[in-house]
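Here is what each chain is made of, one letter per residue.
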Amino acid sequence: MTRPVRTGLPVLLWVPAVAALALVVLPVVGLLGRADLAALPGKVAGPGALAALRLSVETAAVSTALCLVLGGPLAVVLARSRVRGVRLLRAVVLLPLVLPPVVGGLALLYLLGRNGLLGSQLPGVRIPYTTAAVIIAQTFVAMPFLVVGLEGALRTAGERYEAVAATLGARPWTVFRRVTVPLVLPAVGSGLVLSFARALGEFGATITFAGSLEGVTRTLPLQVYLLAETDVDGAVALSLLLVVLAVLVIAVARPRAVEGLR
Amino acid sequence: MRKLALVAAAALALAGCGSIGAAKTLTVFAAASLTESFTALAEEFEADNAGVEVVVNFAGSSALAQQIGEGAAVDVFASADEGNMGKVADQVLPAQVFATNRLVVVTPPGNPARVAGLADLARDGLAVVLCAPQVPCGSASVRVEEAAGVDILPVSEEQDVKAVLTKVRLGEADAGLVYVTDAQAAGDEVGVIDFPESEGAVNPYPIAMLENAPQPGLAAKFLALVTGADGQAELGRAGFGTP
């Protein structure tokens, strides 16, 4: 057994790395500095806050599951299909990342609203102002994170193992299940975490498409925005709750998903 | 690196020229609902005072009050409600009410749900959008509901009056409560229904100059314009009531 040789880290990298970390961490420190820590528990346990927290966690969980069920296969198709136009599709998938979320919300209204392209064909079914609308909006903005990450991993992993399995007589579904999926499991894990985090923080598309009503569509970010009108301390407290929730999810899930499989 | 320095120097020079062109700048923070009327008044003020540039920052009153609280350099603050003026009371000279606003019912063009008045908004199955009670238009909505004895269950409580208007304009809501001035600015895109109970929830708009206004003389002149005959006529055209 030889010990792996560690190449040294260029010292020059530390400067921008520390700056990058400061850019991410210092605003949160600022948030903490403004927070009235003694009043925090009371603010976080307020009636609107708990309803918003619950709604946020539930909708983000469902959206993340949808990202996997719909986005996972899409990533495989984009990475492996040889159909013409796949390159164009790859760009289209990125649209929700580029669109300002409010525009995404308007686009969803134009499609699924009462006068929308699809919505007008569904009399008696109302999608805006429902919890389903929140989930659709979150899935819309979060899915690219899973698709892009997973597609990249699939391309990096290459098709050699799949080809070998196929020459040994495995059928496409067996190859997918026994070879492709285990290869990219870490990427699936990190994609899920990113999607969940993005869905949890979703704001613009939700407020535009789903509106804002306590217990139905008012998720934690919407509650923070509303609270900022009258009670900045309460808004800061809820923001911290959101930060803690996101950090927990990332800290607990990400190492296991990404590194635990080595 | 040298190129960068040149660019920076050029930018500084340009910025310098800009401030020579307009000798004085008056900074006004005004509620979003004042956009049309204050834009016109700012132009009139610039025409009457050569060399003065008026910069108006239109936003929600609470956001503006917060920016003033954080130390923004402002000469005049015009708020859509007295609560947000109260938040900066220790930084402004005594405020005066210069206009009032009240609510009306708006519907999509053609009024597909046949809404006739405020009481109709409590009807089952009607998609009504209101402002959240935490924002000025929402607290006014609560007051008219109480005055009229009507209990509306909205499908959504929006953050501001423009969001309510958008949902109605797109036909995604059957009706909403907005300020008469916003309804008027939307023109033919919404139907407007007036109701008597709105008189019970009239919203006063206070205006004040900042204690440490960078341009106190100009600020006092601008206040005089807004509260004077020209200002009141302009605000009346936008649908505001007189205090």
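About the criteria used
Residues numbered from 1 in each chain as written. Chains lettered and ligands numbered in written order. Predicted model: local features only at pLDDT ≥ 70, side-chain atom pairs only at ≥ 80, totals over all residues. Heavy atoms only, no water. Helix = DSSP H or I, 4+ residues; strand = E, 2+ residues; numbered from the N terminus. Buried < 20%, exposed > 50% of the residue type's maximum accessible area, 1.4 Å probe, protein only. Expected span 1.5 Å × (residues − 1). Bend = angle between axes of the 7 residues up to and from the residue. Core = buried A, V, L, I, M, F, W, Y, C linked by side-chain atoms within 4.5 Å. Domains from an automatic or database assignment. Contact = heavy atoms within 4.5 Å. Pairing = 2+ DSSP bridges. Axes fitted to C-alpha atoms, helices over the stretch in contact; angles between N-to-C directions. Buried area = accessible area lost by both parts, 1.4 Å probe. Salt bridge = Lys/Arg side-chain N within 4 Å of Asp/Glu carboxyl O. Polar contact = N/O pair within 3.5 Å; in protein donor to acceptor, adjacent residues only side chain to side chain. Nonpolar A, V, L, I, M, F, W, Y, C, P; charged D, E, K, R; others polar. 1 Å grid on protein atoms, 1.4 Å probe; cavity = no way out; pocket = protein on both sides within 12 Å on 5 of 7 lines; lining within 4 Å. Points joined across faces, edges and corners; volume = space filled by probe spheres on them. Phe/Tyr/Trp six-rings, centres within 6.5 Å; stacked < 30°, edge-to-face > 60°.

J.: Would you mind showing me how to read the overall build of chain A here?
T.: In terms of helices and strands, chain A carries 12 helices and zero strands. Secondary structure elements of chain A, listed N to C terminal, follow the sequence α-α-α-α-α-α-α-α-α-α-α-α. By principal-axis analysis of the C-alpha atoms, chain A measures approximately 65 × 60 × 30 Å. With 262 residues in all, chain A has 39% of them scored as buried.

J.: Explanation requested: helix α3 (residues 47–80) of chain A in the structure shown.
T.: One turn of an α-helix holds 3.6 residues; hence residues three or four places apart share an orientation. The end-to-end C-alpha separation of α3 of chain A is 49 Å, in line with the 50 Å expected for 34 residues at 1.5 Å each. Approximately 35° is the largest bend angle found in α3 of chain A, and it occurs at glycine 71 of chain A, with the proline proline 73 of chain A only one to four residues beyond.

J.: Explain the nonpolar core to me, please; I cannot follow it from the model alone.
T.: A general trend in soluble globular proteins is that nonpolar side chains are found buried together. Ranked by internal contacts, the top residues of the largest apolar core, which has 68 residues, are Leu34, Phe38, Phe98, Leu121, Leu177 and Phe222 of chain B. The element best represented in this core is helix α8 (residues 216–227) of chain B, accounting for six residues. Mapping this core onto the domain boundaries places at least three of its residues in each of domain 1 (2–99 + 204–237) and domain 2 (103–201) of chain B. Discounting residues that sit within four places of it in the chain, phenylalanine 222 of chain B has contacts with Leu26, Val28, Phe38, Leu41, Ala42, Phe45 and Val76 of chain B. In this structure, Val76, Ala187, Val188 and Val224 of chain A belong to the second largest nonpolar core, which totals 31 residues.

J.: Hey, could you run me through the sheet that holds strand β3 (residues 76–78) of chain B in this one?
T.: Hydrogen bonding along the main chain pairs the strands of a sheet, whether they run parallel or antiparallel. Residue and element names in this part refer to chain B. Taken in spatial order, the five strands make up an open sheet running β2-β1-β3-β10-β4, and their pairing is mixed. Lying at the two open borders of the sheet, with one neighbouring strand each, are β2 (52–59) and β4 (96–101). With direction set aside, neighbouring strand axes in the sheet form an average angle of 20°. Set on the sheet, helix α2 (residues 35–48) makes contact with β1 (24–31), β2, β3, β4 and β10 (203–209); between it and β2 the angle comes to about 170°. Each of β1, β2, β3, β4 and β10 touches α8; the most contacted strand, β10, lies at about 155° to it.

J.: Which parts of the structure should I look at to understand the domain arrangement of chain B?
T.: A common way to report how large an interface is uses the accessible area buried once the components associate. All names here are of chain B. Here the domain parsing of chain B yields domain 1 (2–99 + 204–237) and domain 2 (103–201). Put simply, the middle of domain 1 and the middle of domain 2, counted by C-alpha atoms, are 30 Å apart. With six residues of domain 1 at the contact, the number on the domain 2 side is six residues. A buried area of about 440 Å², summed over both sides, lies between domain 1 and domain 2, and 51% of it is on carbon and sulfur atoms. For the interface between domain 1 and domain 2, the tally reads zero salt bridges. Put simply, domain 1 and domain 2 have one residue pair in polar contact (both at pLDDT 80 or more) between them. Of the residues that constitute the side of domain 1 that touches domain 2, the class distribution is one nonpolar, two polar and three charged.

J.: Explanation requested: the layout of surface pockets in the structure shown.
T.: One way to see where empty space is left: roll a probe the size of a water molecule over the atoms. Put simply, the largest pocket is a space of about 410 Å³. Every residue lining the largest pocket is counted, 23 residues in all, and those nearest its centre are Glu229 of chain A together with Gly60, Ser61, Gln159 and Asp160 of chain B. Of all the elements in the fold, those that place two or more residues in the lining of the largest pocket are α11 (220–230) of chain A together with α3 (61–69), α5 (136–148) and α6 (161–169) of chain B. At four residues, α3 of chain B tops the list of elements feeding residues into the lining of the largest pocket. A breakdown of the residues in the lining of the largest pocket according to their chemical character gives 13 nonpolar, six polar and four charged.

J.: Is there a simple way to explain the interface of chain A and chain B in this structure?
T.: Listed per partner, the contact involves 22 residues of chain A and 21 residues of chain B. Between chain A and chain B, the buried area comes to about 2,000 Å², and carbon and sulfur atoms account for 46% of it. If you sort the residues of chain A by the area they bury against chain B, Arg114, Tyr129 and Glu229 of chain A come out on top, with a joint share of 34%. Here chain A and chain B share three salt bridges between them. Between glutamate 70 of chain B and arginine 34 of chain A there is a salt bridge whose closest N-O contact spans 3.1 Å.

J.: Looking at this structure, I do not really get the packing of aromatic side chains. What am I missing?
T.: Describing an aromatic ring pair means giving the distance of the ring centres and the angle of the ring planes. All names here are of chain B. A full pass over the atoms with the stated rule returns seven aromatic pairs over all chains. Seen in terms of ring centroids, phenylalanine 38 and phenylalanine 98 are 5.8 Å apart; in terms of plane orientation they differ by 50°. Their pairing is tilted. Separated by 60 residues along the polypeptide, phenylalanine 38 in helix α2 and phenylalanine 98 in strand β4 bring together distant segments of the chain. A relative accessible area of 0% means that phenylalanine 38 is categorised as buried. The exposure class assigned to phenylalanine 98 is buried, which follows from its relative accessible area of 1%. A ring pair is formed by phenylalanine 38 and phenylalanine 222, whose centres lie 5.9 Å apart and whose planes are at 75°; its orientation type is edge-to-face. Of this pair, phenylalanine 38 sits in helix α2 while phenylalanine 222 sits in helix α8; the two residues are 184 residues apart in sequence, bridging distant segments of the chain. Taken individually, phenylalanine 38 and phenylalanine 222 each receive the classification buried, so the pair is uniform in this respect. Taken together, the ring pairs in this structure connect Phe38, Phe45, Phe98, Tyr205, Phe222 and Phe240 into an aromatic cluster.

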